[in-house]
Structures are given as C-alpha cells and as structure tokens.
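# Results of the structural survey
Chain by chain, the residues:
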Amino acid sequence: MQFQITDQEIKPESLRREILRDVSGAYVSFEGWVRNHNDGKPVNGLEYSSYIPLAEKEGMRILSEAKERYRIEAAACVHRIGSLKIGEIAVWVGVSAAHRDAAFDANRYIIDQTKARVPIWKREAYLDSPAEWVNCTDDTPG
Amino acid sequence: MKIQIEYFALLKEQRGASIETIETKAATPEILYSDLKRQYTFSLEPSALKVAVNEDFANWNHSLEDGDTVVFIPPVAGG
C-alpha cells in the first residue's frame with residue numbers, strides 16, 4: 001500500500017510491477033490525464049500543488065479503507081504536482097485482487113475519495129482568460 | 001502565543017506568502033481565520049474550507065496552543 005505525491009513524471013509500467021501478486025488474478029488501473037478543455041474553456045496547461053504531509057496521510061487512510069471494504073491484495077496511488085502539459089498523467093491508481101469485481105470497485109473508490117478528500121489543488125491556465133484555481137472561484141465548490 | 005501558518009493555492013496567492021509565524025490571541029482556528037480573512041481580504045468563506053493543525057485535520061473549535069502549525073485548506077481539486 002503506497003500513496004505518494006511526486007514532482008516527477010508518472011511511469012505506470014514500474015508502478016504496476018509494485019502491486020503484482022501471485023495470488024492476484026485481476027489488475028485494474030486508472031490514469032487521470034490533463035485534457036485540453038474544462039467547462040467549455042480551452043486549457044493550455046495545469047499546475048498542481050499539495051500540502052504533502054497531510055495529502056500522503058489522508059491518501060494512506062483511503063487505501064486502508066479500500067482494503068477493508070473490498071477483497072483486494074494490493075493498491076497504490078500516485079499524484080503528480082508541479083506544471084503539467086496536455087496529455088500528461090496527473091494521477092495513477094492501481095489495484096490488484098484475486099477477482100476483477102473487487103479490483104474495479106476498489107479502484108473507483110480510491111480515485112473518487114482522492115479527488116474529494118486529499119489536499120491537492122489545481123490551477124488551470126486557459127488560452128483565452130486568466131488562470132484559475134479550480135473549485136475556488138464559485139460559492140459552491142464542485 | 002506564536003502560531004505558524006502555511007498557505008496553499010488561492011490563499012497563498014491572496015496572502016502573497018506561503019508561510020508565516022504570527023503572534024495571536026486567537027483561541028481557535030475559527031477565530032484565527034476570521035482575523036486573517038479580514039486582514040488579507042481572503043475571498044473564501046470558512047464554510048468552503050477545512051482546517052489542519054499539526055499536519056492532521058482538526059475541528060474549527062480546536063484549542064490552539066503555542067507553537068502549533070495551522071493550515072486552512074481551500075476546496076481540493078485533485079485528479
């Protein structure tokens with residue numbers, strides 16, 4: 001079980017090897033990519049920042065919860081910070097389990113909880129308007 | 001008492017600094033944020049924030065002690 005914030009490029013192949021288990025018959029991975037639009041606005045690039053000690057602590061809690069809720073063998077999540085370009089991987093979640101149902105469910109749980117709870121912030125740079133901290137400009141955070 | 005405050009994201013931008021140590025009489029994070037919001041005209045309402053004391057989530061009415069580190073956490077947007 002590992003939850004890591006990194007300023008380095010995310011390399012799924014090496015991360016995948018970390019959660020290979022002889023008892024696992026299923027592996028599910030999720031990659032979150034930087035896309036070129038959000039809310040109808042063309043996006044030029046992203047900057048992520050994090051309160052790292054708390055992010056990694058809360059992330060480990062999420063992985064432990066996933067292990068308690070689903071019959072999985074191993075899980076890991078890595079989130080990148082710093083400046084990212086279109087198409088780069090912002091977040092990677094991998095889960096291995098004896099069977100696929102638990103692997104799919106646990107992966108979904110981990111990415112959903114990570115997005116909702118882990119102190120990571122995203123500043124989007126737009127092609128045609130000033131950069132914004134996502135979720136921080138409206139009265140109703142989404 | 002002395003409290004260290006770390007700022008992130010929009011709060012860091014509006015404060016123009018990422019870390020500072022202040023002398024304060026604020027007994028709780030709730031009072032502390034209300035003071036800082038007035039001083040630096042932060043746009044985020046406390047209802048949009050969470051608070052952490054000494055690297056873990058805390059309640060808004062947590063009793064602050066000398067030397068504590070406080071972080072106000074703007075709405076997160078990972079993924």
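My aim in this report is to walk through the structure given alongside it, one point at a time. No experiment lies behind these values; they were computed from the predicted model shown. (Residues numbered from 1 in each chain as written. Chains lettered and ligands numbered in written order. Predicted model: local features only at pLDDT ≥ 70, side-chain atom pairs only at ≥ 80, totals over all residues. Heavy atoms only, no water.)

### Some details on the layout of surface pockets
When its volume is computed, the largest pocket comes out at roughly 660 Å³. Broken down by secondary-structure element, the contributors of at least two residues to the lining of the largest pocket are β2 (26-33), β3 (37-38), β4 (41-50), α3 (100-117), β8 (120-126) and β9 (132-133) of chain A. For the lining of the largest pocket, the element with the highest residue contribution is β4(A), accounting for four residues. Within the lining of the largest pocket, the residues separate by chemical class into 16 nonpolar, eight polar and eight charged. Residue lining of the second largest pocket: A:Glu47, A:Ser49, A:Ser50, A:Arg123, A:Trp133, B:Tyr7, B:Phe8, B:Ala9, B:Lys12, B:Glu13 and B:Ser18, and that is the complete set. (1 Å grid on protein atoms, 1.4 Å probe; cavity = no way out; pocket = protein on both sides within 12 Å on 5 of 7 lines; lining within 4 Å. Points joined across faces, edges and corners; volume = space filled by probe spheres on them. Helix = DSSP H or I, 4+ residues; strand = E, 2+ residues; numbered from the N terminus. Nonpolar A, V, L, I, M, F, W, Y, C, P; charged D, E, K, R; others polar.)

### Some points on the sheet that holds strand β7 (residues 89-97) of chain A
All names here are of chain A. The strand order across the open sheet built from four strands is β1-β5-β7-β2, with neighbouring strands paired in mixed fashion. Taken across any chain shown, the strands that pair with only one partner, and hence form the sheet edges, are β1 (2-6) and β2. On average, adjacent strands in this sheet sit at an angle of 10° to one another, irrespective of strand direction. Strand direction decides the pairing type here: strand β5 (residues 72-80) and β7, joined by seven bridges, are antiparallel. Within β7, the residue paired with Ala74 across the bridge is Ser96. Contacts between helix α2 (residues 52-69) and the sheet are confined to β1 and β5, with β1 contributing the most and set at about 150° to the helix. (Pairing = 2+ DSSP bridges. Axes fitted to C-alpha atoms, helices over the stretch in contact; angles between N-to-C directions. Contact = heavy atoms within 4.5 Å.)

### Re the packing of α2(A) against α3(A)
All names here are of chain A. In the contact formed by α2 and α3, the axes pass within 10 Å of each other and the chain directions differ by 150°. In terms of axis orientation, α2 runs roughly antiparallel to α3. Crossing geometry of α2 relative to α3 is assigned as right-handed. Contacts between α2 and α3 involve Glu58, Arg61, Ile62, Leu63, Glu65, Ala66 and Arg69 from the first element and Tyr109, Ile110, Gln113, Thr114 and Arg117 from the second. Here the residues of the contact of α2 with α3 sort into five nonpolar, two polar and five charged. (Parallel < 35°, antiparallel > 145°, perpendicular 65-115°, else oblique. Left-handed = near helix turned anticlockwise from the far one by under 90°.)

### Considerations on the side chain of A:Lys122
With respect to the secondary-structure elements, A:Lys122 resides in strand β8. Despite its burial, A:Lys122 pairs with no opposite charge; the closest candidate is A:Glu124, at 4.7 Å N-O. Those residues in contact with A:Lys122 that sit more than four places away from it in its chain are A:Leu46, A:Glu47, A:Tyr48, A:Glu132, A:Trp133, A:Val134, B:Ala77 and B:Gly79. (Buried < 20%, exposed > 50% of the residue type's maximum accessible area, 1.4 Å probe, protein only. Lys, Arg positive; Asp, Glu negative; His and termini not counted. Salt bridge = Lys/Arg side-chain N within 4 Å of Asp/Glu carboxyl O.)

### A look at the interface of chain B and chain A
Taken together, the 19 residues of chain B in the interface contact 26 residues of chain A. Between chain B and chain A, a total of about 2100 Å² is buried, with carbon and sulfur atoms accounting for 61% of that surface. For the chain B face of the interface with chain A, the top three residues by lost area are B:Glu55, B:Val76 and B:Gly79, together amounting to 29%. Contributions of two or more residues to the side of chain B that touches chain A are made by α1 (9-15), β4 (56-58) and β5 (69-73) of chain B. Broken down by element, the side of chain B that touches chain A gets its largest block of residues, three residues, from α1(B). Here the residues of the side of chain B that touches chain A are counted per class, giving 13 nonpolar, two polar and four charged. (Buried area = accessible area lost by both parts, 1.4 Å probe.)

### Here's the deal with α2(A)
Its 18 residues place the ends of α2(A) 25 Å apart at the C-alpha level, agreeing with the 26 Å of an ideal helix rising 1.5 Å per residue. Within α2(A) the residues assigned to the buried category are A:Leu54, A:Ala55, A:Glu58, A:Gly59, A:Ile62, A:Leu63 and A:Ala66. (Expected span 1.5 Å × (residues − 1).)

### Quick word on unusual backbone geometry
Positive phi values are uncommon outside glycine, yet A:Asn135 reaches one of about 80°. Of note, B:Asn54 is a non-glycine position whose phi angle comes to about 50°, a positive value. When you line up the elements, B:Asn54 lands in the loop between β3 (50-53) and β4. Among the residues examined, B:Asn54 registers a relative accessible area of 42% and is labelled partly exposed.

### Focus: the nonpolar core
The biggest cluster of nonpolar side chains holds 31 residues, and the ones touching the most others in it are A:Tyr48, A:Ile72, A:Val95 and A:Ile110. When residues of this core are traced back to their parent elements, those giving at least two are β1, β2, β4, α2, β5, β7, α3 and β8 of chain A. Setting aside its immediate chain neighbours within four residues, A:Ile110 contacts A:Ile62, A:Leu63, A:Ala66, A:Ala75, A:Cys77, A:Val93 and A:Val95. A:Trp133, A:Cys136, B:Leu44 and B:Leu49 belong to the second largest nonpolar core, which has 30 residues in total. (Core = buried A, V, L, I, M, F, W, Y, C linked by side-chain atoms within 4.5 Å.)

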